[in-house]
Amino acid sequence: MTAADQRIEHRQNQFHTWGVYGLLAVSALLSVAAHELMTSPAEWYAGGALVVAAVLLQLWHGPRRGRRTPSRRGTVYYVLRWAIAFALTWLNPFFGFYASTGYFDSDELIPGKRRQWLGLLATVVVVAGSQSGGMPLRSPVQWLLFAVLLVTNYGLLTVVGHITQQEEQRSRERAVTITELERTNAALQRALDENAALHAQLLVQAREAGVADERRRLAAEIHDTIAQGLTGIIAQLQVVANAPDLAVARTHLERASDLARHSLGEARRSVHNLAPVALADAGLPEALKTTVAEWGEQTGVRAEFTVTGTAEQLHEEVAATLLRIVQEALSNTARHAAAGRVGVTLSFLGDEVILDIRDDGRGFDPLAVPARTSTGGFGLDGMRARAERIAGSLTVESEPGQGAAVSARVPLVRHD
């Protein structure tokens, strides 16, 4: 219950508790002021006794502490109060103010709608009698006035009661609606919390999977580059050991030195690619721009980078994944495409990010690409696996002699 509801409930309690005393006091004071209406001492004694009985009855009923539930005790109280009011009004019509208290609490005291309306009708009879000049009714004009007042008062009560019932029904419906909304909001908040926890868990799993994939990729690169280079160096040194003359030995030593330098370069490249250091000091667009520019300088291929849409700071896992895909795609282009021009486009499209890498190289048949082996390089399957780990996808379009296009589409997850 809100503070406003508590204040309204408190005021209703005060009215039902002290309003009866107040109306009884007003009726008694007006009756004393109009003393000519009570001509005999017996009427005065009877009136005084009835006022005391009304006070004692109200003390027996007790104060109101919240809305009452209709009961037999409440019905007895209502009937006794009506009887006292009827007798007082018979002695002096000004006690009609006290009789009007029956309008306010019949629904809290009398069980059953029909009985409640009977109680209201009895109250209307007393009030209409007091308004028409007091009972007993002595003339036809007074009887006519009583009938008109009776119908009018009861009609007003009926209209007001109907409006009150409709308002109470609307209030109950609003309360039910508010309760349902609160329940729905609570369920939605729980769903959001669960979704946030699931999202965090998925990111952790993606990071762990990325680490495992990096280990496999690095192992494959070491096997394909550094291990093979070391094997070649050993073979050259063995030839040197058995060389017939100095010129042959020097030739193989130079070959061994070239292999060593090449293997060192491969080792440095593998270590460099282990973590996306390009993202350490810049966002994804700047890192991709630098990566594409450096790749173009190293390969002599014309390379262009474009950003479309409004660039946003992406979650580190998403940014690292897209950077790795570009690095691998460019590496594949340098090794196999013999391209003269490469274009990389990063597009921000509201709730997703699209990365396109296109070249005008020799192209290939995507269906004829051999499956990735346990010792193979990263390749298309690896790029596709990267995209799928963050709920994305990767498509490849190419034909022999028509260049190639790789497109990665991933959700736009903003930086925490």
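The structure we're discussing is the one just above.
Notes on the structure follow. (Residues numbered from 1 in each chain as written. Predicted model: local features only at pLDDT ≥ 70, side-chain atom pairs only at ≥ 80, totals over all residues. Heavy atoms only, no water.)

What to know about the sheet that holds strand β3 (residues 352–359)
Part 1 of the argument: An order of β1-β2-β3-β5-β4 is seen for the five strands of this open sheet, with the pairing classed as mixed. Two strands bound the open sheet, and with one partner strand each, they are β1 (302–308) and β4 (393–398). The sheet shows a mean angle of 10° between the axes of neighbouring strands, direction not considered.
Part 2 of the argument: Strands in contact with helix α9 (residues 284–299) are β1, β2 (341–348) and β3; relative to β1, the strand with the most contacts, it is inclined by about 170°.
Part 3 of the argument: Sheet strands touched by helix α11 (residues 379–389): β4 and β5 (404–411). Its angle to β4, the strand with the most contacts, is close to 145°. (Pairing = 2+ DSSP bridges. Helix = DSSP H or I, 4+ residues; strand = E, 2+ residues; numbered from the N terminus. Axes fitted to C-alpha atoms, helices over the stretch in contact; angles between N-to-C directions. Contact = heavy atoms within 4.5 Å.)

Looking at the packing of α9 against helix α10 (residues 316–337)
Part 1 of the argument: In the contact formed by α9 and α10, the axes pass within 10 Å of each other and the chain directions differ by 15°. The angle between α9 and α10 falls in the class roughly parallel. The handedness of the crossing between α9 and α10 is right-handed. Here L284, L288, T291, V292, W295 and T299 of α9 lie close against α10, whose contacting residues are A319, L322, L323, V326, Q327, L330, S331, T333 and A334.
Part 2 of the argument: In terms of residue class, the contact of α9 with α10 is built from ten nonpolar, five polar and no charged. (Parallel < 35°, antiparallel > 145°, perpendicular 65-115°, else oblique. Left-handed = near helix turned anticlockwise from the far one by under 90°. Nonpolar A, V, L, I, M, F, W, Y, C, P; charged D, E, K, R; others polar.)

Focus: the packing of aromatic side chains
Part 1 of the argument: The final tally for this structure, using the stated rule, is six aromatic pairs.
Part 2 of the argument: A connected cluster of aromatic rings, assembled from ring pairs, spans W82, F86 and W90.
Part 3 of the argument: Sitting above the plane of the W60 ring, R73 keeps its charged end 4.1 Å from the centroid. (Phe/Tyr/Trp six-rings, centres within 6.5 Å; stacked < 30°, edge-to-face > 60°. Lys NZ or Arg CZ within 6 Å of the ring centre and 35° of its normal.)

A short note on the pairing of β1
Part 1 of the argument: Summarising the sheet, β1 and β2 pair through seven bridges and their orientation is parallel. Paired with T306 across the strands is T345, a residue of β2.

Structural notes on helix α3 (residues 72–91)
Every α-helix winds through 3.6 residues per turn, so residues three or four apart in the chain are directed the same way.
Part 1 of the argument: Helix length check: α3 (20 residues) gives 29 Å between terminal C-alpha atoms against 28 Å at 1.5 Å per residue, within 8%.
Part 2 of the argument: Among the residues making up α3, those that are buried are G74, Y77, Y78, R81, I84, A85, L88, T89 and L91. With its buried residues spanning 145° around the axis, α3 presents them on a single face. (Expected span 1.5 Å × (residues − 1). Buried < 20%, exposed > 50% of the residue type's maximum accessible area, 1.4 Å probe, protein only. Arc of directions from axis to C-beta.)

Some details on α10
Part 1 of the argument: Here α10 spans 30 Å end to end across 22 residues, near enough to the 32 Å set by a 1.5 Å rise per residue.
Part 2 of the argument: Counting buried positions along α10 yields 16 of 22 residues, so the element is predominantly enclosed.
Part 3 of the argument: One or two residues past the end of α10 sits A338, with phi positive at roughly 55°.

Here we look at the nonpolar core
Part 1 of the argument: Of all hydrophobic cores here, the largest spans 35 residues; its most connected members are L314, L322, L355 and I357.
Part 2 of the argument: Within the residue set of this core, elements represented by two or more residues are α9, α10, β2, β3, α11, β4 and β5.
Part 3 of the argument: The element that contributes the greatest number of residues to this core is α10, accounting for nine residues.
Part 4 of the argument: Every residue in contact with I357, bar those within four places of it in the chain, is listed here: I325, V326, A329, L330, V342, G343, V344, A404, A405 and V406.
Part 5 of the argument: Residues V51, A54, Y77 and I110 belong to the second largest nonpolar core, which totals 20 residues. (Core = buried A, V, L, I, M, F, W, Y, C linked by side-chain atoms within 4.5 Å.)

Digging into the environment of V204
Part 1 of the argument: Tracing the backbone shows V204 in helix α7 (residues 140–241).
Part 2 of the argument: Along the sequence, V204 and E317 sit 113 residues apart, while their C-alpha atoms lie 9.4 Å from each other.

Quick look at the side chain of R324
Part 1 of the argument: Note that R324 resides in helix α10.
Part 2 of the argument: The class of R324 is buried, set by a relative accessible area of 7%.
Part 3 of the argument: At 3.1 Å, the side chain of R324 forms a polar contact with the side chain of Q327. (Polar contact = N/O pair within 3.5 Å; in protein donor to acceptor, adjacent residues only side chain to side chain.)

A few points about a nonpolar patch on the surface
Part 1 of the argument: There is a patch of nonpolar side chains on the surface, built from V26, L30, L37, F94 and F97 and spanning about 380 Å² of accessible area.
Part 2 of the argument: On the secondary structure map, F94 appears in the loop between α3 and α4 (96–99).
Part 3 of the argument: Overall, F94 belongs to the partly exposed group, its relative accessible area being 30%. (Patch = residues over 30% accessible without salt bridge, like charges linked within 9 Å, V, L, I, M, F, W, Y side chains within 5 Å. Areas by Shrake-Rupley, 256 points an atom, 1.4 Å probe, with all protein chains shown as cover. Salt bridge = Lys/Arg side-chain N within 4 Å of Asp/Glu carboxyl O.)

Here's the deal with the packing of helix α2 (residues 41–61) against α3
Part 1 of the argument: At their nearest, the axes of α2 and α3 sit 10 Å apart, and the two run at 160° to each other. If you check the angle between α2 and α3, you find them roughly antiparallel. Two packed elements cross with a definite hand, and for α2 against α3 that hand is left-handed. Counting all contacts with α2, which are made through E43, A46, G47, L50, V51, A53, A54, L57, Q58, W60 and H61, the residues of α3 involved are R73, Y77, L80, R81, I84, A87, L88 and L91.

Notes on the layout of surface pockets
Empty space among the atoms can be located by rolling a probe the size of a water molecule over them.
Part 1 of the argument: Here the second largest pocket defines a volume of roughly 1200 Å³.
Part 2 of the argument: Every residue lining the second largest pocket is counted, 27 residues in all, and those nearest its centre are Q12, R67, D107, T164 and E168.
Part 3 of the argument: Breaking the lining of the second largest pocket down by element, the ones donating at least two residues are α1 (3–33), α5 (106–109), α6 (113–131) and α7. (1 Å grid on protein atoms, 1.4 Å probe; cavity = no way out; pocket = protein on both sides within 12 Å on 5 of 7 lines; lining within 4 Å. Points joined across faces, edges and corners; volume = space filled by probe spheres on them.)

Structural notes on the environment of A337
Part 1 of the argument: Structurally, A337 is set in helix α10.
Part 2 of the argument: Judged by its relative accessible area of 9%, A337 is buried.
Part 3 of the argument: The spatial distance from the C-alpha of A337 to the C-alpha of F364 is 8.6 Å, given a sequence separation of 27 residues.
Part 4 of the argument: Once you skip the residues sitting within four places of it in the chain, A337 turns out to touch N332, D359, G361 and R362.

Purely spatial values, then, with no claim about function.
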